[in-house]
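If you want the building blocks of each chain, they are given just below.
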Amino acid sequence: MEQFKGQPRLPKFASPKRYDIRLKPDLAACKFAGAVAINLDIVGETKFIVLNAADLSIQDGTVSFTSKASSKVFEPCKVDLVEEDEILVLEFPESLPTGSGVLAIRFDGTLNDRMKGFYRSTYEHNGEKKNMAVTQFEPADARRCFPCWDEPACKATFKITLDVPSDLVALSNMPIVDEKVEGHVKTVFYQESPIMSTYLVAVVVGLFDYVEDHTSDGVKVRVYCQVGKQNQGKFALHVAVKTLELYREYFAVPYSLPKLDMIAIPDFAAGAMENYGLVTYRETALLYDEKHSAASNKQRVAVVVAHELAHQWFGNLVTMEWWTHLWLNEGFATWVSYLATDGLFPEWKIWTQFLEESTEGLRLDGLAESHPIEVEINHASEIDEIFDAISYRKGASVIRMLQSYLGAECFQKSLASYIKRHACSNAKTEDLWAALEEGSGEPVNKLMNSWTKQKGYPVVSIKIIDDKLEFEQSQFLSSGSHGDGQWIVPVTFCCGSYDARRSFLLETKSTSIDLKETGAWIKVNVDQAGFYRVKYDEDLQAKLRYAIENEMLSATDRFGILDDSFALCMARQQSLTSLLSLMAAYREELDYTVLSNLISISYKVARIAADATPELMDYIKQFFIGLLQYSAEKLGWEPKEGESHLEAMLRGAILSALAEFGDEPTLKEASRRFHAFLEDRSTPLLPPDIRRAAYVAVMQTVNASNRSGFESLLRVYRETDLSQEKTRILGSLASCPDPNIILEVLDFILSPEVRSQDAVFGLAVCREGRETAWTWLKENWEHIWKTYGSGFLVTRFVSAVVSPFASFEKAKEVEDFFATRSKPSITRTLKQSIERVNINAQWVQSIRNEEYLAETVKELAYRKY
Ligand code: BES
Ligand code: ZN
């Protein structure tokens, strides 16, 4: 018995082949009863069967094993549910014969409120509060619903049966084959599934409406939502049908189930979950309202649907062998969701927007406390934390880098053969590399190991020395120190024009290349396809600045130059003075992705400068407001007839930024429009794309003696039944500079009026509120841990509240506070957040020592364009 404790994986005595599961949820009492019969192969004679179970109660006399080999029934002499290891150890008085048999277990459980396992979510119907029953099993919570071999490699088929109130809709992975109604209860029988992993099993029971369509090859697709909201499901339905057709071509394998249901769940911890044939979503990630959703909401729906449907192949059909390879699932789905979205909506220029993913990956991976893409997992509790920007964003970025190196066609063909080879089975990272290596003849395994097996990434420094271009790589760290990592870097560069692109693999620390076109601009990492940063010498930098001002570079390259420059500035390898001068070159920028990065860099600079050089703040804000004038005037407040998706998003981003920087004319105009909106929620004066801007503007002027804007926003929050409207409001409230109001906002997000899934949106606290937020976090820590600590949501509380600080003292204070309170599931996030505080503190010091900063800032603030 002891030998089974503390092990990362289950012993291999028995392997499950088929589960017959029957569940009877009681929605009123929030309980469920269940029974499972599992067909097993006993691999070697054993007295033990060990499988996963947690939070379930199993009565004596309800477990038996019927051996087919010996036609004998065995009853365990001991049934031990080891809670800390989440395992069920069954000990039999005699050895079980090898060969097949059936393990039968009856059990009871609670429909919990923690948004994992088998849980309840709540909604209103005709003014009445109701419960629904929902499952969320990834990564390791199927064991909270039924005893099982809860590891991705233990694939089996699933035959599910539900006993539910007869007036409710009951869904599972597969279509219904039979239904028997008896009084108020109906028994619903589902078709047996193809072989799949436990984390993909799903059940939803509640009241829903739906819309339906079919793919060209006959897959029935439905979007389920709250009663009366069917219209909001139409957009996702369209995306799903088109995306299934696209993936069928791309992966060269059809979708493997007869139906696909997608459903909006009011309480949902993640954004969405790719359960085989029954994909669950937050409402904001599935529903789109023609009148009240913004263009950014629409885009989010498309990208999330495309992501989850990608998993139906990459993840569900071919599954990672173990959580170490989680990134294969998530990194790949993230990358391919852009491919699909681009196919459906080319005018969104989604590949340019992809750079927002890369930059977040680079940001996290620039910390010493980052981790490699392939990460060892020793306990189920460690899995949650790796659903992070490394697995998703760095993962997606290194795939993009590889695709761009191998070529789109070769990449797709090799992928299709990988899917075919591992269909209905499991795969590891090296299996993907093997397929790509065979398809391309390139040393993919060697190249990619340097990116997935070590953390971090390089900065490539470029200098011109005597007609030669010199490249040197070293590990980039945001702290400014140098790590000793080395990579095989696919370097690309252009000199003076995009016509001649050169490329090579940088496999050593440094190399140099003959240069014919000296004198022209040189852009390295063309299109930002590579996951690395580039540092130019001063002369090359000046040439790039000139090329930006004269519109010679692509949007992706303009993004990259700015983003790298910002990162180098934070790492104190470049002055803030030179970053600001570079930013000035973007005053006529109109690309959505580039401008929104310019804006988010402006926020970060404004925050750090407020600590470093408060006396320059007015000038700095003035400069940032000035930078946005050109684009603000071009876009105005009114949507233009037939304008593009990107223009709508850009308008929202610019006006929000101007509001946040306290630009007076913006605040005034926003207030006028907000009041019109309060009178009439459908006023054309405040379309959804600029609502966030108006809300932020309103909150800028709220204080203890002028609370009406705040109260109006709370009223809108309470009145709307559109989740996107609620999150838009939550995300704006804490931008108020008055600490007392901030405190009210923070208390509000912990109140029953805000669903636990949404509280984190209210943590977007402005700099003036950071001390209030920290005190509040400390005071409420126990409650926060109790309410949000069972999943990854709690990590957001830590990072959002801690990371904005910029002093060594605060870093120490945070460390001290958590010394006795840290838990394994927040350790990594906490270390990362503290590292950020220290990085900020060093940055503040170096800014204070900059000689020409004040002079430059003043000149930039009053420069007339
Ligand atoms: N498999 C994940 C859902 C998930 C996340 C399960 C974390 C368990 C823990 C799903 O495919 C996913 O990645 N969802 C994303 C949305 C996506 C568009 C990036 C999410 O939930 O944020
Ligand atoms: Zn995913």
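No experiment lies behind these values; they were computed from the predicted model shown. (Residues numbered from 1 in each chain as written. Chains lettered and ligands numbered in written order. Predicted model: local features only at pLDDT ≥ 70, side-chain atom pairs only at ≥ 80, totals over all residues. Heavy atoms only, no water.)

**Student:** Just to check I follow, could you spell out the packing of helix H21 (residues 739-749) against helix H22 (residues 770-788) for this structure?
**Tutor:** When two helices pack together, their arrangement is given by the angle between their axes and by how far apart the axes lie. The interhelical angle for the contact between H21 and H22, taken along N-to-C directions, is 5 degrees, at an axis separation of 11 Å. Judged on the interaxial angle alone, H22 and H21 are roughly parallel. Residue-level inspection shows Pro 739, Ile 742, Leu 743, Leu 746, Asp 747 and Ile 749 of H21 in contact with H22, the latter providing Thr 772, Ala 773, Trp 776 and Tyr 788. Residue composition of the contact of H21 with H22, grouped by class: eight nonpolar, one polar and one charged. (Axes fitted to C-alpha atoms, helices over the stretch in contact; angles between N-to-C directions. Helix = DSSP H or I, 4+ residues; strand = E, 2+ residues; numbered from the N terminus. Parallel < 35°, antiparallel > 145°, perpendicular 65-115°, else oblique. Contact = heavy atoms within 4.5 Å. Nonpolar A, V, L, I, M, F, W, Y, C, P; charged D, E, K, R; others polar.)

**Student:** I tried to follow the coordination of the zinc ion (ligand 2) on my own but got confused; where do I start?
**Tutor:** Metal coordination angles in their ideal form are 109.5 degrees for the four-donor tetrahedron and 90 or 180 degrees for the six-donor octahedron. Donor atoms from the polypeptide that coordinate the zinc ion (ligand 2) comprise His 307 (NE2), His 311 (NE2) and Glu 330 (OE), at 1.9 to 2.1 Å from the metal. Mapping the donors of the zinc ion (ligand 2) onto the primary sequence yields the spacing H-x3-H-x18-E. Linking His 311 in helix H2 (residues 295-313) with Glu 330 in helix H3 (residues 326-344), this pair joins segments that are 19 residues apart in sequence. Since its relative accessible area comes to 0%, His 311 is described here as buried. (Donors = N, O, S within 2.8 Å, 3.2 Å for Na, K, Ca; no water. Buried < 20%, exposed > 50% of the residue type's maximum accessible area, 1.4 Å probe, protein only.)

**Student:** Looking at this structure, how should I read the pattern of salt bridges?
**Tutor:** When the charged atoms of two side chains with opposite charge come close together, those side chains can pair. As enumerated under the stated definition, the model contains 54 salt bridges in all. Residue Asp 539 pairs with Lys 543 through a salt bridge whose shortest N-O separation is 3.1 Å. Of the two residues, Asp 539 and Lys 543 are both situated in helix H10 (residues 538-549); the distance of four residues between them amounts to about one turn of the helix. The shortest N-O distance in the salt bridge between Glu 719 and Arg 681 comes to 2.8 Å. Residue Glu 719 is found in helix H19 (residues 708-719), and its partner Arg 681 is found in the loop between helix H17 (664-679) and helix H18 (691-700); the two are separated by 38 residues along the sequence. Among the residues examined, Arg 681 registers a relative accessible area of 24% and is labelled partly exposed. Several salt bridges converge on common partners, so that one network encompasses Asp 55, Glu 86, Arg 114, Asp 141, Arg 143, Arg 144 and Asp 150. (Salt bridge = Lys/Arg side-chain N within 4 Å of Asp/Glu carboxyl O.)

**Student:** It is not clear to me how the environment of Ala 240 should be interpreted in this structure. Could you clarify?
**Tutor:** With respect to the secondary-structure elements, Ala 240 resides in helix H1 (residues 234-251). As for Ala 240 and Val 444, which are separated by 204 residues in sequence, their C-alpha atoms are 32 Å apart.

**Student:** Looking at this structure, I do not really get the nonpolar core. What am I missing?
**Tutor:** Across soluble globular proteins, nonpolar side chains have a tendency to be buried as a group. If you look at the biggest cluster of nonpolar residues, it comprises 317 residues, and the most contacted ones within it are Ile 49, Leu 103, Phe 146, Trp 149 and Phe 471. At twelve residues, helix H13 (residues 592-612) tops the list of elements feeding residues into this core. Setting aside residues up to four positions removed in sequence, Leu 103 forms contacts with Val 36, Ala 37, Ile 38, Leu 40, Ile 49, Leu 51, Val 63, Ser 64, Phe 65, Leu 90 and Trp 149. (Core = buried A, V, L, I, M, F, W, Y, C linked by side-chain atoms within 4.5 Å.)

**Student:** Could you clarify how one ought to interpret the packing of aromatic side chains in this entry?
**Tutor:** For any two aromatic rings, the description comes down to two numbers: the centre-to-centre distance and the angle of the planes. Evaluated as defined, the whole model comprises 52 aromatic pairs. With a centroid separation of 5.1 Å and an interplanar angle of 50 degrees, the aromatic rings of Tyr 210 and Tyr 224 are classed as tilted. Taken together, the residues Tyr 210 in strand E16 (residues 209-214) and Tyr 224 in strand E17 (residues 220-225) connect sequence positions 14 residues apart. Residue Tyr 210 is classed as partly exposed on the basis of its relative accessible area, which comes to 38%. By relative accessible area, Tyr 224 is classed as buried at 4%. Summarising the aromatic geometry, the rings of Phe 235 and Phe 345 are spaced 5.9 Å apart at their centres and angled 40 degrees between planes, so their arrangement reads as tilted. Of this pair, Phe 235 sits in helix H1 while Phe 345 sits in the loop between H3 and helix H4 (350-353), and the two are 110 residues apart along the sequence. For the pair formed by Phe 235 and Phe 345, the shared burial category is buried. In this arrangement the basic side chain of Lys 726 is found over the ring face of Tyr 717, its NZ or CZ atom lying 4.6 Å from the centre. (Phe/Tyr/Trp six-rings, centres within 6.5 Å; stacked < 30°, edge-to-face > 60°. Lys NZ or Arg CZ within 6 Å of the ring centre and 35° of its normal.)

**Student:** Which parts of the structure should I look at to understand the UniProt feature "active site" (unreviewed entry) in the protein?
**Tutor:** Mapped onto the present numbering, the UniProt feature "active site" (unreviewed entry) falls on Glu 308. Leaving out residues up to four positions away in the same chain, Glu 308 has contacts with Ala 272, Met 273, Glu 274, Val 279 and Tyr 281. Engagement of the side chain of Glu 308 in a polar contact is seen with the backbone nitrogen of Glu 274, the distance being 3.3 Å. (UniProt positions renumbered as here; feature names shortened; annotations may be inferred. Polar contact = N/O pair within 3.5 Å; in protein donor to acceptor, adjacent residues only side chain to side chain.)

**Student:** Which parts of the structure should I look at to understand unusual backbone geometry?
**Tutor:** Peptide bonds are, in most cases, trans, and in most cases residues other than glycine have a negative phi. Of note, the amide linkage connecting Glu 138 to Pro 139 takes the cis form, showing an omega dihedral of 0 degrees. Even without a glycine there, the phi angle at Asp 55 is positive, about 55 degrees. Structurally, Asp 55 can be placed in the loop between strand E3 (46-52) and strand E4 (63-67). Although it is not a glycine, Ser 71 sits at a positive phi angle of roughly 45 degrees. Along the chain, Ser 71 turns up in the loop between E4 and strand E5 (72-74).

**Student:** Help me understand the site of ligand 1 in this model?
**Tutor:** For ligand 1, the set of nearby residues contains 15 residues, the closest of which are Glu 138, Gly 271, Glu 274, Glu 308 and Tyr 392. Here ligand 1 has 510 Å² of accessible area as a free molecule, and 87% of this is covered by the chains. Listing elements by their share of the shell around ligand 1, those giving two or more residues are strand E19 (272-273) and H2. Among the elements that make up the shell around ligand 1, the one with the highest residue count is H2 (four residues). Grouping the amino acids of the shell around ligand 1 by side-chain chemistry returns seven nonpolar, four polar and four charged. (Near = heavy atom within 4 Å. Areas by Shrake-Rupley, 256 points an atom, 1.4 Å probe, with all protein chains shown as cover.)

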